[in-house]
Amino acid sequence: MLDFLWIFLIISCTILTIYILTKLIYAYKHFYFQPKKLKQPALEERPSVSICIAARNEEHALDSCLEAVIASDYPKLEVIVLDDESVDNTSVLIKSFAASGIRFVEGGALPEGWMGRNYAYQRLLEQASGKYVFYISVDTHIAPDTISQLVAYLSQKHAEMLSILPVRTDNYRLSVLFAPLRFLQEVIFNNKHAPGAITGAWMINRQLLLHEIGGFTDFKNDILAERHMAQITAKSNDYCLLVGRKTGVSFEKKWSSQVEAATRTYGLTVCSNIFKFCYALLILIIINTPLLALLHIIVMPTSNILIWATASFILILMLLYFMYLRLAWSKGTLLGALLWPVIAAQELIILIASLFKRWRGTLSWKGRTIYKR
């Protein structure tokens, strides 16, 4: 019986690795950002852009984010930052950038049925005046030419929305080396009916979002509101997912915060449905098959076939992860790939932990409980 189980897992692992390889090749071909191929519109033809940032207790990270934003070379830019009832000095920090043109919006009490971030984004949308609204998280940093490049890309592709997988530049920190697989999932499970969308950096036509989609009203308690908006725009081929180190969009976040975000996302999406949870659990067991097989080999003698299959799959999965890291990291990709078995095991633990947190009703976001049993 055990032999049949290993055969099933090895076959499943083979199929999954082929699938991941095809999706990564597709990402390199269709999503990889190449700014040299972009033609910048004339200055008078460039549309206005509103950068919108929601901040709640973010004084530790907000300063560097805003410094990067005001260094942008885009000529038609407004920056709006909402303080979502912070209890630290976030509001003071935002106001200190007033001389640099950053507009402060004071948050208010959260209405019934709304998730904090979505309500903040709705408030920011109502304050924005640009043709495009660019939502970025406090953990996201942009390069001086990022806005110019993204607007040129939207114009060239005749698209209305895009999201950007941010590159990691602080690569030898534990928060990067042991980062969860949130972004990898957006790349490999991307399709037209369920396009990948990055929560920390996405841009959309303001009129489309405000009037045709209706803002965030229909997604007020949805942790992945931007993914549903991506689905809407993808139906008319108006959505783009960008990956690659040349976007100028980078990302820094503590390991504990990343794990919390991954747990929260699993808990509100995958764990809400028994079939989704079982499917995700099966996928993660399959990608952990080489590690499970290795533990089996250590504990008890086994056939040479299993030993060779285990070694081969560990190497293959490391190579696939290396391919992804070449998209998402600026350096340290080889070291990151060597850590793949640990990362895969960590993701399985995060999924199981998210189920327990949902069951206990302890899923929270920025100090707010976002799910109750």
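Our subject is the structure that appears above.
Remember, predicted model here, so these are calculated numbers, not experimental data.

### With respect to the packing of helix H10 (residues 255–268) against helix H15 (residues 340–360)
Between two packed helices, the angle of one axis relative to the other and the distance separating the axes together describe the packing.
Right, on to step 1. Running from N to C, H10 and H15 cross one another at 60°; their axes reach a closest spacing of 8 Å. Between H10 and H15, the crossing angle belongs to the class labelled oblique. Crossing of H10 over H15 shows right-handed handedness. Residue-level contacts link Trp255, Val259, Ala262, Thr263, Tyr266, Gly267 and Leu268 of H10 to Gln346, Glu347, Ile350, Leu351, Ala353, Ser354, Lys357 and Arg358 of H15.

### A look at the layout of surface pockets
Right, on to step 1. Taken as a whole, the second largest pocket spans an internal volume of roughly 390 Å³.
Right, on to step 2. Contributing to the lining of the second largest pocket are 16 residues, with Tyr26, Phe31, Tyr239, Cys240 and Leu241 lying nearest its centre.
Right, on to step 3. Residue composition of the lining of the second largest pocket, grouped by class: 8 nonpolar, 5 polar and 3 charged.

### Some thoughts on the nonpolar core
Burial of nonpolar side chains together is a common tendency in soluble globular proteins.
Right, on to step 1. Formed by 75 residues in total, the largest nonpolar core has its most connected members in Tyr135, Phe216 and Tyr324.
Right, on to step 2. If one sorts the elements of this core by residue count, helix H13 (residues 304–328) sits on top with 10 residues.
Right, on to step 3. If we ignore the near neighbours within four places in the chain, the residues touching phenylalanine 216 are Trp114, Asn118, Tyr121, Gln122, Tyr135, Trp202, Leu209, Ala225 and Met229.
Right, on to step 4. Ile53, Ala61, Val79 and Val151 belong to the second-largest nonpolar core, a separate cluster that totals 37 residues.

### Focus: the packing of aromatic side chains
The way to describe two aromatic rings as a pair is by their centre distance and the angle between their planes.
Right, on to step 1. The final tally for this structure, using the stated rule, is 14 aromatic pairs.
Right, on to step 2. Arranged with centres 5.5 Å apart and planes meeting at 75°, the rings of phenylalanine 183 and phenylalanine 251 form a pair that is edge-to-face. Of this pair, phenylalanine 183 sits in helix H7 (residues 182–188) while phenylalanine 251 is found in strand S9 (residues 249–251), placing the two residues 68 residues apart along the sequence.
Right, on to step 3. For phenylalanine 183, a relative accessible area of 14% corresponds to the buried category.
Right, on to step 4. Consider the rings of tyrosine 321 and tryptophan 340, whose centres lie 5.0 Å apart with planes at 50°: the pair is tilted. On the criterion of sequence distance, the pair formed by tyrosine 321 in helix H13 and tryptophan 340 in helix H15 is long-range, its members being 19 residues apart.
Right, on to step 5. Taking the relative accessible area as the measure of exposure, tyrosine 321 reaches 4% and is therefore buried.
Right, on to step 6. Here the aromatic residues Tyr121, Tyr135, Trp202 and Phe216 are joined through ring pairs into a cluster of three or more.
Right, on to step 7. Above the ring of tyrosine 26, the side-chain terminus of lysine 23 is found at 5.9 Å from the ring centroid.

Quick notes on the rules
- Residues numbered from 1 in each chain as written.
- Predicted model: local features only at pLDDT ≥ 70, side-chain atom pairs only at ≥ 80, totals over all residues.
- Heavy atoms only, no water.
- Axes fitted to C-alpha atoms, helices over the stretch in contact; angles between N-to-C directions.
- Helix = DSSP H or I, 4+ residues; strand = E, 2+ residues; numbered from the N terminus.
- Parallel < 35°, antiparallel > 145°, perpendicular 65-115°, else oblique.
- Left-handed = near helix turned anticlockwise from the far one by under 90°.
- Contact = heavy atoms within 4.5 Å.
- 1 Å grid on protein atoms, 1.4 Å probe; cavity = no way out; pocket = protein on both sides within 12 Å on 5 of 7 lines; lining within 4 Å.
- Points joined across faces, edges and corners; volume = space filled by probe spheres on them.
- Nonpolar A, V, L, I, M, F, W, Y, C, P; charged D, E, K, R; others polar.
- Core = buried A, V, L, I, M, F, W, Y, C linked by side-chain atoms within 4.5 Å.
- Buried < 20%, exposed > 50% of the residue type's maximum accessible area, 1.4 Å probe, protein only.
- Phe/Tyr/Trp six-rings, centres within 6.5 Å; stacked < 30°, edge-to-face > 60°.
- Lys NZ or Arg CZ within 6 Å of the ring centre and 35° of its normal.

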